[in-house]
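Chain by chain, the residues:
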Amino acid sequence: MSRPRINPILAIWLGVLALLVIISGIVGGFQARTYVRGEKVTGTVGYCESHQEYSGGDRHDETTCYGHWATADGTRHDGKIPNAGLADEGHQVTLRALGDRVVSNNVFGALWPFALSLGGLAAVVAILIIRRRVRRLQARESRRDPGGTVRPVSSP
């Protein structure tokens, strides 16, 4: 008996979802490493830039803030300050730094890509499990006749 083939559209969507899981897992891995192995530092938000982004036919403001922080060895680092906004300009924020890489000291702010990849992986597994159960139920129902008796399945 041949194995049932997967629907091509479902295969494409599962492939796209798997690719997103891999990409967010890689990004999340770097951010998780920085959060877990990095040191707690105080950064200063120097300035923020706001610009308009267009997505999904809507326009919204996007703000990127830049600043500096110093690691325990006294080295000063400059770069983007995550999760900072216009109200943070000139103020200090707590960060986790591993050299030039810096993430928010907030667990969710630092690990959201990793959580996204785990959620995507769970979605792929759930889709495959549900698909398998539906096919089993369909096969069981196709073997029954209207009277409720079981017909023998003939193999080709």
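This is a predicted model, so every value here is computed, not measured.

### Thoughts on the overall build of the protein
Each helix and strand in the protein was counted, giving two helices and five strands. The order of helices and strands in the protein, counted from the N terminus, is α-β-β-β-β-β-α. Looking at the protein residue by residue over its 156 residues, the buried ones come to 22%. Taking the intrachain contacts of the protein between residues at least 6 apart in sequence as the baseline, contacts between residues at least 24 apart amount to 55%. Summed over all atoms, the accessible surface of the protein reaches about 11,300 Å², with 59% contributed by carbon and sulfur.

### Focus: unusual backbone geometry
Its identity is not glycine, yet N83 carries a phi of approximately 60 degrees, on the positive side. As for its position among the elements, N83 is in the loop between β3 (76-80) and β4 (92-98).

### Quick notes on a positive patch on the surface
A cluster of basic residues, R132, R133, R136, R140, R143 and R144, forms a positive patch at the surface. Looking at the secondary structure, you find R144 in the segment after α2 (107-143).

### Some thoughts on the sheet that holds strand β5 (residues 101-104)
Taken together, the five strands give an open sheet; going across it, the order is β3-β2-β1-β4-β5, and neighbouring strands pair in antiparallel fashion. Looking at the sheet topology across the chains shown, the edges are occupied by β3 and β5. Each adjacent strand pair in this sheet contributes to an overall mean axis angle of 40 degrees, direction not counted. Sheet topology places strand β1 (residues 39-55) next to β4; six bridges connect them, and they run antiparallel. Opposite T44, over in β4, you have Q92 as the bridge partner. The strands that helix α1 (residues 8-37) touches are β1, β4 and β5; relative to β5, the one it contacts most, it runs at about 85 degrees.

### Considerations on the nonpolar core
In terms of nonpolar packing, the biggest core is built from 11 residues, these being V41, V45, C48, C65, W69, I81, A84, V93, L95, A97 and V102. Secondary-structure elements contributing two or more residues to this core are β1, β2 (58-70) and β4. Once residues lying within four places of it in the same chain are set aside, the contact partners of C48 are T63, T64, C65, G85, L86 and E89.

### A short note on the confidence of the model for the protein
Close reading of the predicted structure is inappropriate where its pLDDT is low. Scored by pLDDT, the protein comes out at a mean of 82, with 89% of its residues at no less than 70. Taken element by element, the protein is modelled with least confidence in α2, mean pLDDT 81, and with most confidence in β3, mean pLDDT 94.

### Brief notes about the side chain of T64
You can see T64 is positioned in strand β2. Discounting chain neighbours no more than four positions away, the residues touching T64 are Y47, C48, E49, H51 and K80.

Rules and cut-offs
- Residues numbered from 1 in each chain as written.
- Predicted model: local features only at pLDDT ≥ 70, side-chain atom pairs only at ≥ 80, totals over all residues.
- Heavy atoms only, no water.
- Helix = DSSP H or I, 4+ residues; strand = E, 2+ residues; numbered from the N terminus.
- Buried < 20%, exposed > 50% of the residue type's maximum accessible area, 1.4 Å probe, protein only.
- Contact = heavy atoms within 4.5 Å.
- Areas by Shrake-Rupley, 256 points an atom, 1.4 Å probe, with all protein chains shown as cover.
- Patch = residues over 30% accessible without salt bridge, like charges linked within 9 Å, V, L, I, M, F, W, Y side chains within 5 Å.
- Salt bridge = Lys/Arg side-chain N within 4 Å of Asp/Glu carboxyl O.
- Lys, Arg positive; Asp, Glu negative; His and termini not counted.
- Charge placed at Lys NZ, Arg CZ, Asp CG, Glu CD.
- Pairing = 2+ DSSP bridges.
- Axes fitted to C-alpha atoms, helices over the stretch in contact; angles between N-to-C directions.
- Core = buried A, V, L, I, M, F, W, Y, C linked by side-chain atoms within 4.5 Å.
- pLDDT = per-residue confidence, 0-100.

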